[in-house]
Amino acid sequence: MDKLEHLRVLVAVAEAGNLAGAARRLGHSPPAVSRAMDQLEARIGAQLLVRTTRSVRFTEAGERFVADCRRLLGELDEAESLAGGSFREPQGVLGVTASSMFGRRHVAPLVLAFMERHARVQVRTLFVDRIVHLVDEGYDVAVRIAHLPDSGLTAVRVGSVRRVMVAAPDYLAARGEPRTVADLAGHVGIGFSPMGATATPWTLHPRGEREAVAIDTPLGANTGEMAIAAAVAGRGLTRTLSYQVAEEVADGRLRVVMADHEPPPIPVHLVYPAGRKAAAKVRVFVDLAVERLRALPVLGGA
């Protein structure tokens, strides 16, 4: 096998999860796949995978290398299509990432719509609540809900969201609706942070100024779903992004309070690597995503 075929075998092993499955996909024998991996590791000078009789586990170096190989092979496939006159047809592997809840609710449907239109594109999604480094981790497009720093990425704004404070109507009837920072002294908060912290001060913005407020938070949630469920159950006030509680607010299970103490809206962008012409699969996906996301009422337009 040549160097390029070794890379294709490596990606097949990653997708199949074992050598035998990769061999079936490629029409090779399992010993041939095993030899290819031995030769690849010997040429690179690093261990890429740990093998057992039934499965393989990639090392940290192997995971990075697989991500690079996926990207390079996708670009090669597209270059061949361009040379053959079929550049208009997107193909290859497309990596899309977003935050967990936004990804499940709003990115997953547009990924499925994209795949329905473009059967030659394979899509990998990563919905996690952390910043994914697109180039380093082998992803092509991200949805970012944040004020973006300067970077080498192309960014297309698709809307914005608010950071709102909400509570159940029954809770507000029992405790009263807070209207000022001082009113919060008589209320219970539901904390929300990735680590489930309960004592983190809440930052409010009365009259456009920042003010840290200590509020009693006996419950700390590490997911937005948990904090929202607790608020719906009447356990207290919680702060969340407006798209995350759009349904609950619309059907009356939650009410927004202290809207005049909210920070400025947070922009939502599609971002993808710049510095070279984007591949067809990226351009076509971004075009569809911009159209679909800007039409979402929860994003309020671009």
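This text gives an overview of the structure that appears in the document. This structure is a prediction, so every number in the text was calculated from the model and none was measured. All residue numbers refer to position in the chain's written sequence, counted from 1. Given that the model is predicted, a residue must reach a pLDDT of at least 70 before its local features are reported, and side-chain atom pairs must reach 80 or more before they are shown or counted; all residues, however, enter totals for whole chains, interfaces and linings. Based on all heavy atoms of the structure, the side-chain values leave hydrogens and waters out of the count.

By definition, any uninterrupted DSSP run of H or I lasting at least four residues is a helix, any uninterrupted run of E lasting at least two residues is a strand, and each is numbered from the N terminus. Of the regular secondary structure elements, the chain holds ten helices and 14 strands. Counting only C-alpha atoms and orienting by the principal axes, one finds that the chain spans roughly 75 × 45 × 35 Å. Counting only residues that meet the buried cut, the chain has 44% of its 302 residues in that class. Any two residues whose heavy atoms approach within 4.5 Å at even a single point are treated as in contact. Long-range contacts, defined here as pairs at least 24 residues apart, represent 73% of the contacts in the chain between residues at least 6 apart. Split by element, the accessible area of the chain, about 15,400 Å² in all, is 52% carbon and sulfur. All tallies of charge rest on Lys and Arg as positive and Asp and Glu as negative; His and the ends of each chain are not included. Here the site of a charge means atom NZ of a Lys, CZ of an Arg, CG of an Asp or CD of a Glu. Taking the average location of the 37 positive side-chain charges in the chain and that of its 33 negative ones, the two points are 3 Å from each other. Note on classification: 1.4 Å probe, protein chains only; a residue is buried when its accessible area is under 20% of the maximum for its type, exposed when over 50%, partly exposed between these limits. Surface accessibility in these figures is a Shrake-Rupley result with a 1.4 Å probe; residues are shielded only by whichever protein chains are displayed.

It is worth spelling out the sheet that holds strand 6 (residues 153–161) at this point. Two strands make a pair as long as DSSP finds a minimum of two bridges between them. If you walk across this open sheet you meet the five strands as 4-3-5-14-6, and the pairing is mixed. Bordering the open sheet on either side are strand 4 (121–127) and strand 6, each of which pairs with just one other strand. Strand after strand, the sheet turns through a mean of 20 degrees between neighbouring axes, direction not considered. As paired elements, strand 6 and strand 14 (residues 266–273) share eight bridges and run antiparallel to each other. Counterpart to Val-161 in the pairing with strand 14 is Ile-266. In this analysis an axis means a line fitted to C-alpha atoms, helices contributing only their contacting stretch, and an angle means the value between N-to-C directions, from 0 to 180 degrees. Along the sheet, helix 5 (residues 100–117) contacts strand 3 (92–98), strand 4 and strand 5 (141–145); its crossing angle with strand 4, the most-contacted strand, is approximately 175 degrees.

A few words on the nonpolar core. In this structure, Leu-237, Leu-270, Phe-285 and Leu-293 are the most contacted members of the largest nonpolar core, which totals 55 residues. When residues of this core are assigned to their parent elements, the largest contribution, seven residues, is made by helix 10 (residues 280–294). Within the second largest apolar cluster, 20 residues are counted, among which are Val-33, Met-37, Leu-49 and Cys-69. We call a set of buried Ala, Val, Leu, Ile, Met, Phe, Trp, Tyr and Cys residues a nonpolar core when their side-chain atoms join them within 4.5 Å.

This part covers the packing of helix 1 (residues 3–16) against helix 2 (residues 19–26). Direction vectors running N to C along helix 1 and helix 2 enclose 120 degrees, while the axes themselves pass 8 Å from each other. Considering the angle they form, helix 1 stands oblique to helix 2. The handedness of the crossing between helix 1 and helix 2 comes out as right-handed. Between helix 1 and helix 2, the residues in contact are Val-9, Ala-12, Val-13, Glu-15 and Ala-16 and Leu-19, Gly-21, Ala-22, Arg-25 and Leu-26, respectively. Convention used here: angles under 35 degrees read as roughly parallel, angles over 145 as roughly antiparallel, angles from 65 to 115 as roughly perpendicular, and any remaining angle as oblique. Two helices cross in a left-handed way if the nearer one is turned anticlockwise from the farther one by less than a right angle. They cross in a right-handed way if the turn is clockwise.

With respect to the secondary-structure elements, Ala-173 resides in helix 7 (residues 169–175). Between the C-alpha atoms of Ala-173 and Ala-108, which are 65 residues apart in sequence, the distance is 37 Å.

Moving on to the packing of aromatic side chains. Stacked, edge-to-face and tilted are the three classes for Phe, Tyr and Trp ring pairs, Trp counted by its six-membered ring, which pair at centre distances within 6.5 Å; planes under 30 degrees apart are stacked, over 60 edge-to-face, the rest tilted. What the rule picks out here adds up to two aromatic pairs. Judged by centre distance (5.1 Å) and plane angle (85 degrees), the ring pair of Phe-102 and Tyr-243 falls under edge-to-face. Residue Phe-102 is found in helix 5, and its partner Tyr-243 is found in the loop between strand 12 (237–241) and helix 9 (246–250); the two are separated by 141 residues along the sequence. As far as burial versus exposure is concerned, Phe-102 and Tyr-243 are alike and both buried.

A word on helix 10. Here, expected helix span is obtained from the residue count minus one, scaled by 1.5 Å. Over its 15 residues, helix 10 extends 21 Å from the first C-alpha to the last, a length consistent with the 21 Å expected when each residue adds 1.5 Å. Listed as buried for helix 10 are Ala-280, Lys-281, Val-282, Phe-285, Val-286, Leu-288, Ala-289, Val-290 and Leu-293.

A word on the sheet that holds strand 8 (residues 188–192). Sheets are built from strands that pair by backbone hydrogen bonding, the pairs being arranged parallel or antiparallel. Pairing within the open sheet is mixed, and its five strands lie in the order 11-8-12-7-13. The open sheet has two edge strands, strand 11 (216–221) and strand 13 (255–257), and neither has a second partner. Going across the sheet, the axis of each strand differs from the next one's by a mean of 40 degrees, ignoring polarity. Sheet strands in contact with helix 8 (residues 224–232) are strand 8, strand 11 and strand 12, and its direction is about 165 degrees off that of strand 8.

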